[in-house]
Amino acid sequence: MMAGSVCTQAQQGRVLTAKDYERAESFMTYNTTPLVDRSNVRPNWLAGDRFWYAVSNAAGTEFILVDPATGNHRPAFDQQKLATALSAASGNSYMAMKLPFQSVEFADDGNSIRFAADGKRWKYDLKTDLVTTDSSASAAGRGRGQAGGGGRPGRGGGNELMSPDGKKAAYIKDYNLWVRDLATNQSTQLTTDGIKDYGYATDNAGWQSSDRPILRWSPDSKKIATFRQDQRNVSDMYLVTTNVGKPALRSWKYPLPGDKEIITIQRVILNADHPGVIQLQVPPDPHRASLSDDISSSGTFDDVDWNEDGTQLAFLSTSRDHKQEKMRIADARTGAVREVFEETVPTQYESGRGAINWRYLPASNEFIWYSERDNWGHLYLYDAATGKMKNQITKGDWVVERLVKVDEKNRVIFFSANGREPGNPYFGHLYKIGFDGKGLTLLTPEPGNHQAALSPSGKFIIDTYSQPDVPPVMVVRNLNGDLVTVVEKTDVSRLMATGWKPPVPVSVKAHDGKTDIYGLVFTPVRMDPNIKYPVIDYIYPGPQGGSVGSWSFSPSRSDHQALAELGFIVVVIEGTSNPYRSKSFHDMSYGNMADNTIPDQIAAIRQLSARYPIDTNRVGIWGHSGGGFATATAMFRYPDFFKVGISESGNHDNRNYEDDWGERYDGLMGNSDYDAQANQNYAKNLKGKLMLAHGMMDNNVPPSNTMLVVEALEKANKSFDLVIFPNSPHGYGPYAPYMMRRRWDYFVKNLLGAEPPADYQMRGGGRGQ
């Protein structure tokens, strides 16, 4: 599969063959992941914190049962006996390691399992080893899951949102909110005055939208916190299909930075059993949240927190520019609102990394607050009656990432954080600490990036840790961090046997010569010691994320290793202005996103050329979305360094991208020079080879962004290449493999100086991330 590399010669005039591309493609995730054994374990929970899981290896699938209380780790059942019994019952022939399960449900008593196979439901009695047809309804029990995991809780059918007690489901119909009784199928209309562009619980963030409701059920399932979304006077965005005959016009509400009218939400509370709207007694809030440029990025209605009996609702109001947060508490019966606390920051406030980290604690009339006021993301304890701080909970030169559990009874917080332990500051670890800031305890001590969660009872920790070049280990720990049992160690021996190797983690200095930045380097499996390699820089500048993405192990990351096998060294550098570091680090590009971490990329490549055989006269760069913006910026502003660029779906002028993005990271239009950051204004500086690509039905980054650059290049009489996907969205859908092949061809021809095979057909699908 991957026995050799095609990069032993990189001279002008070389011709690459389909076999060379096929070998490179063998490093894509759809080819590497099947060779990774005992990985991607998803616990399916049973009573008493026991769990089962399915894990694959070269022979097939094993089913394992784990009891954290005893540390017992054993086969969940005798697979050979089940295969024999199922073969006898069904008349078909089955192998023990190739059981045809579509879903599996374990009984809490451990005496039987129910499963679906070959379109039928079956029951297996573990005491008698008998398989019989199962005529009972398949309840979504605690131990039910796919052959490797469970489903997402809280969703009813279609676009419904289920109540915590599992008895009701809320949905939108004709811009109003309805609730369906799941037992009787009877529906109740809760609101009656919703109309187009002024409906209840409607989902539209401009850059994404859906028909699902955005709301938060109260814990007792009696009330719903939601909003009436007002976009009546908001400007429209337009896209046009390509087809035989007249095109179809698609329009939707999509405000831009500087628009006078943006989407607002009037907060309301609804009783789930009868019509009626309780409007919270505050003015409508901007369509903003503390975590991202959406109000449901947490998977539910962001920044709202019920008390247990549904009589109070705590919520945050975020200002249009994300500089001000107001913590408020509403009386759910009357709609009266009490102002509790306010924080204002010079740049932009965020409540955590991938999770909202404030919590209302009604039992003690307190709340936990997340702030970067001391330059690092930390937790603070406040009095909810007075809005006064009681104490800082966490402190130090490191970042709280997300709250995992708040134990109000014992006044202990479990949380993940980055940068406290030696080594890579992007590695996350799990900790616990008291509300009073005492007793900080590291619970996951091994080097690496830890992804930890608590068992349903909260008595055990399930922890999976790895590094970009070290495969995962999954363990169970107690709440002191002590090891209970090793669940699985991922086995990459079959992958290694093909010649595969992981990327190399590196650390270099940023453009300031002082700040440590981190990244990954991908080199060909077999390197020619006699040549220097052209380098390809993959970039995603954030500021809400970075180029590397997850710092956990992955057998493939996009097409980075595949490109390396074609004769390149590929670098992925996490530049300054990306998250998971200090506030000042993250804010380095605030007000000027056109910086795009490019000075850091240049500094990193020059330093890495002293460690690797990199030809700094042949530097390529590519990226998608924000990375497309950064790629064009690099080609226009640093044309003597970057020689070949591929800019996919870039937001080249943030005046043409949704309002919340630019206004958060650049500031309001009157306070920031958006024009000075727009790529089309620098297109005349192009010297190298540039390919632009965009989907013409992109409802995230509208294609006008790329068309502005196209027009500017044409006005400047510059030659460039353009790939258009007439009916594709932001990620190109089924045409993503085509774009990847075009990317390979472009770098091979223009950076490597070789000839690619004609119209190579990718064997797999997607972008391979």
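Higher on the page you've got the structure.
Quick caveat: nothing in here was measured; it's all calculated off a predicted structure. (Residues numbered from 1 in each chain as written. Predicted model: local features only at pLDDT ≥ 70, side-chain atom pairs only at ≥ 80, totals over all residues. Heavy atoms only, no water.)

Student: Account for the environment of Asp615, naming residues and giving values.
Tutor: Mapped onto the elements, Asp615 comes out in strand β44 (residues 614-624). Exposure remark for Asp615: the relative accessible area of 16% places this residue in the buried category. C-alpha of Asp615 to C-alpha of Phe568: the two residues are 47 residues apart in sequence and 9.8 Å apart in space. The contact partners of Asp615, leaving out residues within four places of it in the chain, are Lys532, Tyr533 and Pro534. Polar contacts involving the side chain of Asp615 include one to the side chain of Arg618, which spans 2.9 Å. (Helix = DSSP H or I, 4+ residues; strand = E, 2+ residues; numbered from the N terminus. Buried < 20%, exposed > 50% of the residue type's maximum accessible area, 1.4 Å probe, protein only. Contact = heavy atoms within 4.5 Å. Polar contact = N/O pair within 3.5 Å; in protein donor to acceptor, adjacent residues only side chain to side chain.)

Student: Tell me about the packing of helix α1 (residues 18-25) against helix α12 (residues 736-752), and name the residues and values.
Tutor: Remark: α1 packs on α12, axes separated minimally by 13 Å, with the N-to-C direction vectors making an angle of 120°. Considered as vectors, α1 and α12 are oriented oblique to each other. The two elements α1 and α12 cross, and the hand of that crossing is right-handed. Contacts between α1 and α12 involve Tyr21, Ala24 and Glu25 from the former and Trp744, Asp745 and Val748 from the latter. (Axes fitted to C-alpha atoms, helices over the stretch in contact; angles between N-to-C directions. Parallel < 35°, antiparallel > 145°, perpendicular 65-115°, else oblique. Left-handed = near helix turned anticlockwise from the far one by under 90°.)

Student: Go over the pairing of strand β19 (residues 236-240), please, and point to the residues and values.
Tutor: A regular strand places its side chains so that they alternate between the two faces of the sheet. Side-chain alternation along β19 places Met237 and Leu239 on a buried face and Asp236, Tyr238 and Val240 on a face that remains uncovered. The pairing of β19 with strand β20 (residues 249-253) spans 5 bridges and is classified as antiparallel. Considered in β20, the bridge of Val240 is made with Leu249. (Pairing = 2+ DSSP bridges.)

Student: Would you mind going over the packing of aromatic side chains in detail, with residue names and values included?
Tutor: For any pair of aromatic rings, the description rests on two quantities: the centre-to-centre distance and the angle between the ring planes. Overall, the coordinates contain 34 aromatic pairs when judged by the stated rule. One aromatic cluster in this structure is built from Trp52, Phe63, Phe77, Phe101, Phe106, Phe115 and Tyr124. Between Arg232 and the ring centre of Tyr198, over which it is positioned, the NZ or CZ distance is 3.8 Å. (Phe/Tyr/Trp six-rings, centres within 6.5 Å; stacked < 30°, edge-to-face > 60°. Lys NZ or Arg CZ within 6 Å of the ring centre and 35° of its normal.)

Student: Give me the pattern of salt bridges: which residues, what numbers.
Tutor: If you walk through the whole model with that rule in mind, you get 40 salt bridges. With a closest N to O distance of 2.9 Å, Glu350 and Arg353 form a salt bridge. Here the two residues Glu350 and Arg353 agree in accessibility, since each one is buried. As a salt-bridge pair, Arg618 and Asp615 come within 2.9 Å of each other at their nearest N and O atoms. Linked through salt bridges whose partners overlap, the residues forming this network are Arg288, Arg320, Asp659, Asp660 and Glu663. (Salt bridge = Lys/Arg side-chain N within 4 Å of Asp/Glu carboxyl O.)

Student: Explain the sheet that holds strand β43 (residues 569-574) to me, and be specific about the residues and the numbers.
Tutor: Across the sheet, 8 strands lie side by side as β40-β41-β43-β42-β44-β45-β46-β47; this open sheet has mixed pairing. A single partner strand is all that each edge strand has here, and the edge strands are β40 (504-509) and β47 (721-725). Across the sheet, the mean angle separating the axes of adjacent strands is 20° when strand polarity is ignored. Relative to β47, strand β46 (residues 689-695) is paired through 5 bridges, and the arrangement is parallel. What sits directly across from His694, in β47, is Ile724.

Student: Describe in detail the pairing of strand β12 (residues 176-181), supporting the description with residues and values.
Tutor: In terms of burial, β12 is largely enclosed, as 5 of its 6 residues are buried. Bridge count between strand β11 (residues 168-173) and β12: 6 bridges; the pairing is antiparallel. Looking at β12, one finds that Tyr171 is bridged to Trp178. Hairpin connection between β11 and β12: a loop of 2 residues separates the two successive antiparallel strands, and Asp174 in this loop has a positive phi of roughly 55°. Pairing of β12 with strand β13 (residues 187-189), which is carried by 3 bridges, proceeds in the antiparallel orientation. Looking at β13, one finds that Val179 is bridged to Thr188. Count of turn residues in the β12/β13 antiparallel hairpin: 5 residues, of which Asn185 carries a positive phi of about 65°.

Student: Mind laying out the sheet that holds strand β25 (residues 312-318), listing which residues take part and the relevant values?
Tutor: Ordered in space as β24-β25-β26-β27, the 4 strands form an open sheet in which the pairing is antiparallel. Each of the sheet's edge strands pairs with one partner strand only, and the pair in question is β24 (304-306) and β27 (337-344). Within this sheet the neighbouring strands show an average axis-to-axis angle of 15°, counted without direction. Looking at chain direction, β24 and β25 are connected through 3 bridges and run antiparallel.

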